[in-house]
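These are the residues of each chain, in order.
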Amino acid sequence: MTNDNSENKWIGKRTPRPDGADKVTGRAAYAADATMPGMIWGKVLRSPHPHAKIRGIDTSKAEKLPGVKAIVTSKDIVDFPIEKGAVMLGIQDMRWMCRNVMARERALFHGHPVAAVAADTQAIAAEACKLIKVDYEVLPFVIDVDDARKDGAPTLFDHIKFDGKPSNIAGTLEHKLGDVEAGFREAEVVVERSFKTEAVHQGYIEPHACLVSYADGKATIWSSSQGQFMVRAMCSYLSGIPQSNIRAIPAEIGGGFGGKTIVYLEPVALALARKAGRPVKMVMSREEVMRASGPTSGSSSTVKIGAKKDGTIVAAQGTWYLQAGALPGSPIRGAAGCAFAPYNIPNVHSKGYDVVSNRSKVAAYRAPGAPIGAFSVESVLDELAEKLQMDPLQLRLKNAAKQGTKAAHGPVYPVIGYEETLRQALASEHYKSPLKPNQGRGVASGYWFNAGGESSAQVNITEDGNVTVMTGHPDIGGSRASSANICAELLGIHYNRVNVLIGDTASIGFSNLTGGSRVTFASAIVVTQSAEQVIKQLCSRAAKIWKIDEDAVTWENGHARPAGENAGKFEPLSLAQIAAKASETGGPIGAGMQLNTAGAEGGFSTHVADVEVDPATGKVRVIRMTCFQDVGRAIHPDYVEGQLQGAMSQAIGWALTEEYIYNKRGQVDNPGFLDYRMPVASDLPRLECGIIEIPNPKHPQGVKGVGEVPLVPGMAAIRNAVYQAIGIRFNHLPMSPPKVLDALESVALRKAAD
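What you are looking at is a predicted structure, and each value in this text was computed from that prediction instead of being measured. (Residues numbered from 1 in each chain as written. Predicted model: local features only at pLDDT ≥ 70, side-chain atom pairs only at ≥ 80, totals over all residues. Heavy atoms only, no water.)

Enquirer: Tell me about the environment of R99, residues and numbers included.
Expert: Among the secondary structure elements, R99 is positioned in helix α3 (residues 94–101). Owing to a relative accessible area of 3%, R99 belongs among the buried residues under this scheme. Residues R99 and P81, spaced 18 residues apart in sequence, show a C-alpha to C-alpha distance of 9.9 Å. Once you skip the residues sitting within four places of it in the chain, R99 turns out to touch D79, F80, P81, I82, R104, E105, H112 and L327. (Helix = DSSP H or I, 4+ residues; strand = E, 2+ residues; numbered from the N terminus. Buried < 20%, exposed > 50% of the residue type's maximum accessible area, 1.4 Å probe, protein only. Contact = heavy atoms within 4.5 Å.)

Have a look at this one:
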């Protein structure tokens, strides 16, 4: 179901991107473009070992090198002792953040920062790093999630215990609904399988970068992040500088996908600038990004699903072990909470385990944890459908969650559009189209929570009758275009009269991170309410001009008009006319709103993927893929399609080619885009979008959130398609050519032996 947007002038229209010209011409200013007089360069010294006790650091030789201005170690970063308990900032524990930006007691992964230098040039800073002597006591290490949870595995922390014993299992999360054991006794067909996925990076093109100045007790930070208020808060915690004395300015961002929701360089650059008395610039190399910033988790999981012979699912159970990296905090909430969420299953038990190991701490990646959960559940459902001799979409439709369904992770669903994604997929030309030899078609579905949260906006009328909108969210998915469309719609003016800016921490009220599929949802609410306040002011100003009661004025199509004949016969006043008389009628016209927005609803997506497998090489090529998604309301359809298409392309990489490869020394062996194989344009097929609009009744424009759930089903859909093409089920991602070729050859050998 797609809403008719014909009554809207701008909402739902494909207006030009506000940032488009700047980006394609190179005018857009990213963090690495920032510069200041007197600026010096920072460089991080990183551990060559995946696990080692730091017995001492000698910086004396480096300090004597001409051009070196400052050196910092963990002593220059505020410590949050582990034994004193959690110190939470949002979802992040500052005990882990202070140890992630700079190693303290131990280096916990290869590439872990142990010191940093600021010098006149990058070359001098790099040379100084070589002169720093670190006394390491090398310790045993563990990389793989399954190895890390074994009895006797090297442990990273003394305080972590599981079942009363030293362990790398740092935490668990569990959801229960009904009686799962009774449900399986009722089941007539049961499928249980185990799965494994490797860690993959978000793959943002722009590396982490920042420029930090410090003077008179105050700091200014320019950086590439998904939240300038997060940068301010974390730098305050880690430096001890009050937040009121830190100004964080968001640069244009060259991709994030969740990977820029925490800090790496900013606190280090701040410590260096504070010590040197000079502005410090730091830019990660691609190798540093791959070795030391957060990918998403690798995982190991087991899923069991039972059904009646008519296809009714009666029980489901899943266990997910997720890599946290070197410090606790893997996205088990997404895996355990979202995996079974698309389905109306009376008996569910899902459990996630947070497992530390000697690799870089994970960061969010687009619906964190949910694609991992969906991969295993949707793969089992595909096999269950085959055993039941049911169409895989029909099996999902028969068990689809709907209004009133109680989800295992807690909520009772309101009006949702999951069934409609399945119906549109079933009815699509794509699903009905023929396939050729060595080709296969797979399907899968997925869910993501979505979110609201704190957001701020300001809408001001300029003296010439145009509009400036300021929000507090870095724009990584089209929020500026959406804000412009919404504001223009409400004010009844052309969208090109609305200029949308992203404010820094000193110019706009607190706004939470850009992430969780929350920004268009949340910013639309505060922009709407700000614009409505501005409309009230415009009507009041018109009333003063006409010398009538303001209740007798209405706003329509960009003009103030008398509400009726009794109000008087006045020519309508345009926005520009009212703005021109602002000084005579009360001064500047503008309004702001700060809210902790509520009313977000989860998102559902269904994918149909076609693949072709080359039996000679084992190469899998996705030849067509469609995402059917309930988006609530597509404020700007181009951006919605971009989100869906981008997610599908990332799913293709995760399913087929992307993985972190570690050598026997515990080091990442493919820390660059040459060997870490992300899909490029020539690898991508026709990516199609089925936008379904079932508005969220709790939102002024019906928005639900778009950006994360389209990644969730992708890997499973591709995996299921590969099975249909060659009859082999792969339970370990990625399905790279060597794995596929080995499987094909093994099948051929077995057939020959028979």
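Enquirer: How would you explain the pairing of strand β14 (residues 218–223) if you had to name every residue and give the values?
Expert: The pairing of strand β13 (residues 209–215) with β14 spans 6 bridges and is classified as antiparallel. Paired with C210 across the two strands is S223, which belongs to β14. In textbook terms, the turn of a hairpin is the stretch between consecutive antiparallel strands, and for β13 and β14 this stretch comprises 2 residues, one of which, D216, has a positive phi near 55 degrees. Relative to strand β15 (residues 246–250), β14 runs parallel, the two being bridged by 5 bridges. Its bridge partner lying in β15, A219 is registered against I246. (Pairing = 2+ DSSP bridges.)

Enquirer: Kindly report on the packing of aromatic side chains, identifying the contributing residues and their values.
Expert: Evaluation of the coordinates by the stated rule reveals 19 aromatic pairs. Centroid distance Y321 to Y353: 4.4 Å. Interplanar angle 15 degrees. Geometry classified as stacked. Of this pair, Y321 sits in strand β18 (residues 313–325) while Y353 sits in strand β19 (residues 348–356), and the two are 32 residues apart along the sequence. Here the two residues Y321 and Y353 agree in accessibility, since each one is buried. On the numbers, 5.0 Å between centres and 55 degrees between planes, the contact of Y447 with F604 is tilted. A residue pair is termed long-range when its members are at least 10 positions apart, and Y447 in strand β20 (residues 439–448) and F604 in strand β28 (residues 603–613) qualify at 157 residues. Neither Y447 nor F604 differs from the other in exposure class; each is buried. (Phe/Tyr/Trp six-rings, centres within 6.5 Å; stacked < 30°, edge-to-face > 60°.)

Enquirer: Mind laying out the nonpolar core, listing which residues take part and the relevant values?
Expert: Core analysis: the biggest nonpolar cluster contains 101 residues, and I305, W320, F340, L384, V611, I718 and M735 have the highest contact counts within it. Broken down by element, this core gets its largest block of residues, 10 residues, from helix α11 (residues 370–388). Excluding residues within four positions of it along the chain, L384 makes contact with V189, V191, I305, A307, I313 and L395. Residues L491, A524, I525 and L575 belong to the second largest nonpolar core, which totals 43 residues. (Core = buried A, V, L, I, M, F, W, Y, C linked by side-chain atoms within 4.5 Å.)

Enquirer: Help me get a handle on α11, residues and values and all.
Expert: Across its 19 residues, α11 extends 26 Å between first and last C-alpha, which sits within 8% of the 27 Å expected from 1.5 Å per residue. Most of α11 sits out of view: 17 of its 19 residues are buried. In the segment just after α11, Q389 is the residue with positive phi, at about 55 degrees. (Expected span 1.5 Å × (residues − 1).)

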